[in-house]
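Summary of the model geometry
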Amino acid sequence: MTAALQVQGLNRSFGALHVTRDVDLALERGARRALIGPNGAGKTTLVNLITGVLKPSSGKVVLDGADITATSQAERARRGLARTFQINQLFRGLTVLENICMVIGERDAHNNNMWRSAGAKRVVIDEALDHLDSLRLTEDALKLVRELPYGRQRLVEIAIALAQNPRVLLLDEPAAGVPSSESHLILDVVAALDPDIAILIIEHDMDVVMRFAKQITVMVQGAVFTEGAPAEIMANEDVRAVYLGQETRHGGDGYG
Amino acid sequence: MAASENRPLGASAVDARRRAADYLIRRHYFHWPEALPWLLAVAAYLVFPDRMTFGSQVLIGVMFALSLDLILGYAGIVSLGHAAFFGIGAYTVALGFVSFGWSEPISGVIAGGLVAGLAGVVVGWFILRYRGLTLLMLTIAFAAMLQESGNLRSDITGGYDGLPGLTFDPLFGYFDYDLYGHTNYWYVLIVLAIVFYFVRRNVYSPFGQALTGIRENVRRMHAIGSPVHRRLVTVYAIGAAIAGVAGALFTQTNAYLTLSVFEFDVSAKVMVMLILGGTGRLYGAFIGAVVYIVLEDYFSKLSPTFWQFGIGLLLVLAVLFARRGLLGVVEDAAKYLARRKSS
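Residues numbered from 1 in each chain as written. Chains lettered and ligands numbered in written order. Predicted model: local features only at pLDDT ≥ 70, side-chain atom pairs only at ≥ 80, totals over all residues.

**As for the overall build of chain A**
Each helix and strand in chain A was counted, giving 9 helices and 10 strands. Over its C-alpha atoms chain A spans a radius of gyration of 18 Å, differing by no more than 12% from the 18 Å that the globule rule assigns to 256 residues. With the principal axes as the frame, chain A shows a C-alpha extent of 55 × 40 × 35 Å. Taken across its 256 residues, chain A has 49% of its residues classed as buried. Across chain A, the fraction of contacts at a sequence separation of at least 24, relative to all contacts at a separation of at least 6, is 70%. (Helix = DSSP H or I, 4+ residues; strand = E, 2+ residues; numbered from the N terminus. Rg over C-alpha atoms; globule rule 2.2 N^0.38 Å. Buried ≥ 20, exposed ≤ 12 C-beta atoms within 10 Å, placed from the backbone. Contact = placed C-beta atoms within 7 Å.)

**Observations regarding the interface of chain A and chain B**
Contacts between the two partners involve 42 residues from chain A, matched on the other side by 35 residues from chain B. Among the secondary structure elements, those contributing two or more residues to the side of chain A that touches chain B are α2 (73-78), α3 (96-107) and α4 (122-134) of chain A. A per-element tally of the side of chain A that touches chain B places α3 of chain A first, with 8 residues. When grouped by side-chain class, the residues that make up the side of chain A that touches chain B number 17 nonpolar, 14 polar and 11 charged. (Nonpolar A, V, L, I, M, F, W, Y, C, P; charged D, E, K, R; others polar.)

**Side note on the domain arrangement of chain A**
All names here are of chain A. Annotation of chain A at the domain level lists domain 1 (1-80 + 167-256) and domain 2 (89-165). For domain 1 versus domain 2, the separation of C-alpha centres amounts to 26 Å. Listed per partner, the contact involves 10 residues of domain 1 and 10 residues of domain 2. Take the side of domain 1 that touches domain 2: its biggest share by element is 4 residues, from helix α6 (residues 180-191). (Domains from an automatic or database assignment.)

**Description of helix α15 (residues 307-321) of chain B**
Turn by turn, an α-helix covers 3.6 residues, leaving residues three or four places apart pointing in a common direction. Between the first and last C-alpha of α15 of chain B there are 22 Å, a value that for 15 residues agrees with the 21 Å anticipated at 1.5 Å per step. With 1 of its 15 residues buried, α15 of chain B lies for the most part at the surface. (Expected span 1.5 Å × (residues − 1).)

**Structural notes on the sheet that holds strand β6 (residues 81-83) of chain A**
Residue and element names in this part refer to chain A. Reading across the sheet, the 6 strands line up as β6-β7-β8-β3-β9-β10 and stay open at both edges, with mixed pairing between neighbours. The sheet terminates laterally at β6 and β10 (223-228), the two strands that pair on one side only. If you compare each strand with its neighbour and ignore which way they point, the axes differ by 20 degrees on average. The pairing of strand β3 (residues 32-36) with strand β8 (residues 198-202) spans 4 bridges and is parallel. By the bridge assignment, L35 is partnered in β8 with I202. (Pairing = 2+ DSSP bridges. Axes fitted to C-alpha atoms, helices over the stretch in contact; angles between N-to-C directions.)

Structure follows, in structure tokens:
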């Protein structure tokens, strides 16, 4: 069986700085994998390499058996690869509802239409409202994103990725900087997603990791340090030494 | 969709859903205040019947600013070389007449739009890979290159001395141009209305929505799978074509054309008009162009040497106190009045 997402021998350097070293990673269909590691381990860089924001110096990214290493970011997204950003990337001057309609419009290629009104396709609006509803955002549908508090903006960040109907979903610290009421909502929604979607979550909160993940990959200094089931990782002395032993800061500092 | 089935919605949530959907469905409906600029255009004809050549210039300015609003206000493409496409449209008509004796006006306007639009595709395809200052410089460079090329072949273009004596057929072979520019005014107004209808449909369409997405956050647009470059080139070409139509009308209105249409001044002026009026809201182009051109006319009669001071002062005030342009001021005032009425 081909994995939903496979990363083979991925390397990336910025000048002399070798930030991603021979990374191999596979996400089976329906995977629930956490990616952990100290700040600066290269977790976000890996997400950027997988999604095509950055080009690897060497190595391959394979999505559903097809080599996508040379394809654009947008092409990868159209093939079912979605991500959220560690720092919100939203359409701040638009309403929450417009943010989600935008995504559905791109996903289903409605956005090529230059003549019909954007409100003419009722199914798009209804689907967008369903997504908002599952994240308790319906009441805010007509507010501009920039007028929402950060925690609720974070929900929009997640809703955009979910509206892409991805087959592979990469979540970069989805609950970082969010009040606990909303972080629980985010994690509940993610946990309730279609079991066929392969999910990779970067997360610092070990409680979340243990509750959500079936496998864990540990990265240290740009390389995969080890991987295994949560219990194995927790029991691993080396992991404790490099990662769990150190003081973990909840939420990260934006450089993970 | 599963989510809404699992959990019964409260009455307020159902209501919120309906209100949200209604907003999107009705957003593009015609609102009565939108008739105002067109009524004013007709009123101007009745009040100043002997100043209709000037009136045509104002309407052409509105169309030119509208074309920039589409690419700057909606898609967020910063251009200080938009005069290039205005000039291409203008010279398409002028050279068509000089070289081939092409004097039918309506086909001339269409040709001006098509040639400028095509130039927009080619230029846009190259320069829209860049953003910010690099893009800004490239737009300036393109307009300057066109102007210099025209100067090199001044035997064809007439150079800075210009191409005088351009004459065009009566519209539909029937409506001749009169001394007061009445025919021309209606002609330009009708073309503007057609162009405006097209632009309005465009900005309320899903495509227009995608443009605002690119303006608001291009990184996210890439991440959700939007063909950003293709969308930008498309809207750039449309904006270029409309600027070309405005340029073609400019040539036909003035019956005279020089290379100064490519001047940096022209590009800067249209941007000032748009910012003054308000970007990204269609009618900002109307307010900005009318206020700018009328004041320019007024100030330059008041003081032929210092007229730019008045315009400059107005722009400084707009940037300091009315960040959303004069249209923003009007909107705020309308909101304030509505609130006072209801309380």
